[in-house]
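The chain contents come next:
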Amino acid sequence: MRAWLPGYDLLRAKSLDAALRILADGGGETRVFAGGTDLMVLLESGDLPPGRFVSVWGLPELSGISVTDAHVTLGALTTYTEIQAHPVLRAEYPMLCEAARLTGATAIQNRGTIGGNIVNASPAADSPPALLVYGAEVELISAARGARWVGYDGFHTGYKRMDRRPDELLRAVRLPRTPGGSGAVHFYRKVGTRGAQAISKVMIAALGRRDAAGVVADCRISLGSVAPIVLRCRKTEAVCLDRPLTAEVIAAARAAVMDEVTPIDDIRSTKAYRRVVSGNLVAQFLALLAK
Amino acid sequence: MPVARAAKIEVSFTLNGAPVTVRALPMARLLDVLREDLRLTGTKEGCGEGECGACSVFLNGRLVTSCLVPIMQAEGARVETIEGVADQPDVVPIREAFVACNGSQCGICTPGMILATTALLRARPNPAETEVREALAGNLCRCTGYVKIFEAVARAAEARRGAAGGVR
Ligand SMILES: Cc1cc2nc3c(=O)[nH]c(=O)nc-3n(C[C@H](O)[C@H](O)[C@H](O)COP(=O)(O)OP(=O)(O)OC[C@H]3O[C@@H](n4cnc5c(N)ncnc54)[C@H](O)[C@@H]3O)c2cc1C
Ligand code: FES
Ligand code: FES
């Protein structure tokens, strides 16, 4: 059932400072509102707890993509449309662009933000696996404690739980430049019922590189929709690292990832399916890397 | 259960080129304000959750689903609905192609389809069919089976290019 609208206040922050003050004054009860593509769906279905929100949409301090020699930094309000259009992101972070292209459809991509995707913290979200593999860091900022950068790996601590205080705003995400170096293989697949508007059953973002001798020198594998949080598959990576990609190694990696994931049965898919597909996706990635 | 009670706010924006001011609860959907308060019923409601595209409008020139936009965020924005877009010179050939190709039956999806097509052809005047399918992937149609819609988009693209030289 739809929500009772007078129960929801939405304030407009005119600056980053104003937004931080509103969050601080709210005593942890005021929530951030960005593009609304997650929040408005909850409102419509009556699943959004009533209360006060602060809109940060349009704030320049949270917008835009900047590039230095060391990093590409995306403001939290960067939309999927902006991600796909950015030349450096397209050249160096193809998996993030692919995730953006496969998120919702055009109208969602014009409103949905990378910050909203991270803080909404769905284990089925499409961009987080790419962010993990690319070694992202996120910047959190509050009126009381200023700004801090934390590694994205470890940011999610449990289902919908994360290293963010209620008065903290996610301000930006940054990615180290040229992940994996040139010649790295970037492999992103989203498995769902259809290309657009579908929440993933399983997805993978993986990056690898072999040295001149054919030995795996870099291997990063992340899976979505297979655990309470987006998963970096370190055990599976360890099976591949420093080894040539023989059929035995690929088989061992497939077995390792099927062991490493902890999927559940839900309306979109089953535990068993997700486990098998996780193995298949890792094997596909390694076969590509072996070429 | 004690809940904060939000007060109505005044929101001013440009609607199809003209300034408007509405009084509404801040979390009211742009969709409802357009249809109920401003009586622009060309914008349709299908799903109410961002999936179907029937409620599409342009917000600052970008295609968005108005069921997911709280009215507060329209403050200072440029909003365009099918009523304001349909007669624009580069949109007329799109409209005509939908009619000519039977790309519209019950018509509920049509305003959103026309806006999504407009957004596509303004960015890519000569799209491949895969690009057409991707650009309209957020617009559901219960009637046509889509084939006639894709034909309409191809025909519209051709007509716009032909009419061009001039048109955007
Ligand atoms: C039809 C449809 C299809 C979709 N398809 C996909 C899909 O394919 N893949 C996918 O991953 N997602 C999908 N989504 C979900 C959604 O679009 C994304 O998660 C989006 O990135 C959310 O961003 P937003 O700005 O709209 O978030 P909001 O709805 O504004 O906020 C989401 C959450 O994040 C918090 N938040 C937002 N910004 C900040 C910030 N800067 N600091 C602190 N907290 C913040 C909010 O408080 C809220 O809890 C879909 C949604 C719809 C409606
Ligand atoms: S009514 Fe808004 S997308 Fe369906
Ligand atoms: S014409 Fe009826 S929904 Fe498309």
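Quick note: structure is the one above.
Being a predicted model, the structure only gives us computed values, none of them experimental.

Participant: What is the right way to look at empty space enclosed by the protein in this model?
Facilitator: Taking a probe equal in size to a water molecule and rolling it over the atoms shows the remaining empty space. One pass over the structure, following the stated rule, counts two cavities of 30 Å³ or more. Estimates place the volume of the largest cavity at around 60 Å³. Along its surface, the largest cavity is lined by 13 residues, and Ala105, Thr106 and Ala107 of chain A together with Gly138 and Asn139 of chain B are the ones closest to its centre. Counting residues per element, the ones that place at least two in the lining of the largest cavity are helix H6 (106-109) of chain A together with strand E4 (62-65) of chain B. In terms of residues, the lining of the largest cavity owes the most to one element, H6 of chain A, which gives three residues. Of the residues assigned to the lining of the largest cavity, the class counts are five nonpolar, eight polar and no charged. Estimated volume of the second largest cavity: approximately 50 Å³. Ala121, Ser122, Pro123, Pro128, Tyr152, His156, Gly158, Lys160, Pro228, Ile229 and Val230 of chain A together form the lining of the second largest cavity.

Participant: What is the right way to look at the site of ligand 1 in this model?
Facilitator: By nearness alone, 33 residues border ligand 1, and Val32, Thr37, Asp38, Tyr80 and Thr113 of chain A come closest of all. More than one chain approaches ligand 1, the contributing ones being chains A and B. The backbone of glycine 35 of chain A places a nitrogen or oxygen atom 2.8 Å from an oxygen atom of ligand 1. With respect to ligand 1, the backbone of leucine 170 of chain A contributes an N or O atom lying 2.9 Å from a nitrogen atom. For ligand 1, whose accessible area on its own is 990 Å², the fraction buried by protein is 92%. Of all elements in the fold, only strand E2 (31-33), helix H2 (39-45), helix H7 (114-120) and strand E10 (169-176) of chain A reach the threshold of two or more residues within the shell around ligand 1. The greatest single-element share of the shell around ligand 1, amounting to four residues, is contributed by H7 of chain A.

Participant: For this particular structure, what's the right way to read the sheet that holds strand E12 (residues 202-210) of chain A?
Facilitator: By definition, the strands of a sheet pair up through backbone hydrogen bonds, in either a parallel or an antiparallel sense. Residue and element names in this part refer to chain A. Across the sheet, which stays open at both edges, the four strands sit in the order E11-E12-E13-E14 with antiparallel pairing between neighbours. On the outer flanks of this sheet lie strand E11 (185-191) and strand E14 (231-232), each paired with one strand and no other. The sheet contact formed by E12 and strand E13 (residues 216-224) spans eight bridges and is antiparallel. The residue of E13 that forms the bridge with methionine 203 is glycine 224.

Participant: Looking at this structure, I do not really get the pattern of salt bridges. What am I missing?
Facilitator: Pairing is possible between side chains that carry opposite charge, provided their charged atoms lie close to one another. Using the criterion set out here, one finds 27 salt bridges over all chains in the structure. Between glutamate 139 of chain A and arginine 171 of chain A there is a salt bridge whose closest N-O contact spans 2.6 Å. On the criterion of sequence distance, the pair formed by glutamate 139 of chain A in strand E6 (residues 137-142) and arginine 171 of chain A in strand E10 is long-range, its members being 32 residues apart. Residues glutamate 237 of chain A and arginine 232 of chain A are paired through a salt bridge, measuring 2.6 Å at the closest nitrogen-oxygen approach. Each of Arg2 and Glu44 of chain A together with Arg29, Asp32 and Glu45 of chain B takes part in a single network of salt bridges with overlapping partners.

Participant: Explain the packing of helix H4 (residues 110-123) of chain B against helix H6 (residues 147-163) of chain B to me, please; I cannot follow it from the model alone.
Facilitator: Any two packed helices are characterised by the angle at which their axes cross and by the distance between the axes. All names here are of chain B. In the contact formed by H4 and H6, the axes pass within 11 Å of each other and the chain directions differ by 45 degrees. When the axes of H4 and H6 are compared, the pair comes out oblique. As H4 runs across H6, the sense of the crossing is right-handed. From H4, Met113, Thr117, Leu120, Leu121 and Arg122 reach across to H6, where they touch Ile149, Val153, Ala156, Ala157 and Arg160. When grouped by side-chain class, the residues that make up the contact of H4 with H6 number seven nonpolar, one polar and two charged.

Participant: What is the right way to read the nonpolar core from this model?
Facilitator: Generally speaking, soluble globular proteins have nonpolar side chains that are buried together. Core analysis: the largest hydrophobic core is formed by 38 residues, its most contacted members being Leu43 and Phe53 of chain A together with Phe13, Met27 and Ile71 of chain B. Put simply, the parts of the chain that give this core at least two residues each are strand E1 (8-12) and H2 of chain A together with strand E1 (9-15), strand E2 (18-24), helix H1 (30-37) and strand E3 (56-59) of chain B. When residues of this core are assigned to their parent elements, the largest contribution, four residues, is made by H1 of chain B. Counting 36 residues, the second largest nonpolar core, distinct from the first, contains Leu74, Tyr134, Ala136 and Ala205 of chain A.

What counts and what doesn't
Residues numbered from 1 in each chain as written. Chains lettered and ligands numbered in written order. Predicted model: local features only at pLDDT ≥ 70, side-chain atom pairs only at ≥ 80, totals over all residues. Heavy atoms only, no water. 1 Å grid on protein atoms, 1.4 Å probe; cavity = no way out; pocket = protein on both sides within 12 Å on 5 of 7 lines; lining within 4 Å. Points joined across faces, edges and corners; volume = space filled by probe spheres on them. Helix = DSSP H or I, 4+ residues; strand = E, 2+ residues; numbered from the N terminus. Nonpolar A, V, L, I, M, F, W, Y, C, P; charged D, E, K, R; others polar. Near = heavy atom within 4 Å. Polar contact = N/O pair within 3.5 Å; in protein donor to acceptor, adjacent residues only side chain to side chain. Areas by Shrake-Rupley, 256 points an atom, 1.4 Å probe, with all protein chains shown as cover. Pairing = 2+ DSSP bridges. Salt bridge = Lys/Arg side-chain N within 4 Å of Asp/Glu carboxyl O. Axes fitted to C-alpha atoms, helices over the stretch in contact; angles between N-to-C directions. Parallel < 35°, antiparallel > 145°, perpendicular 65-115°, else oblique. Left-handed = near helix turned anticlockwise from the far one by under 90°. Contact = heavy atoms within 4.5 Å. Core = buried A, V, L, I, M, F, W, Y, C linked by side-chain atoms within 4.5 Å. Buried < 20%, exposed > 50% of the residue type's maximum accessible area, 1.4 Å probe, protein only.

Honestly, it's all geometry; don't read function into it.
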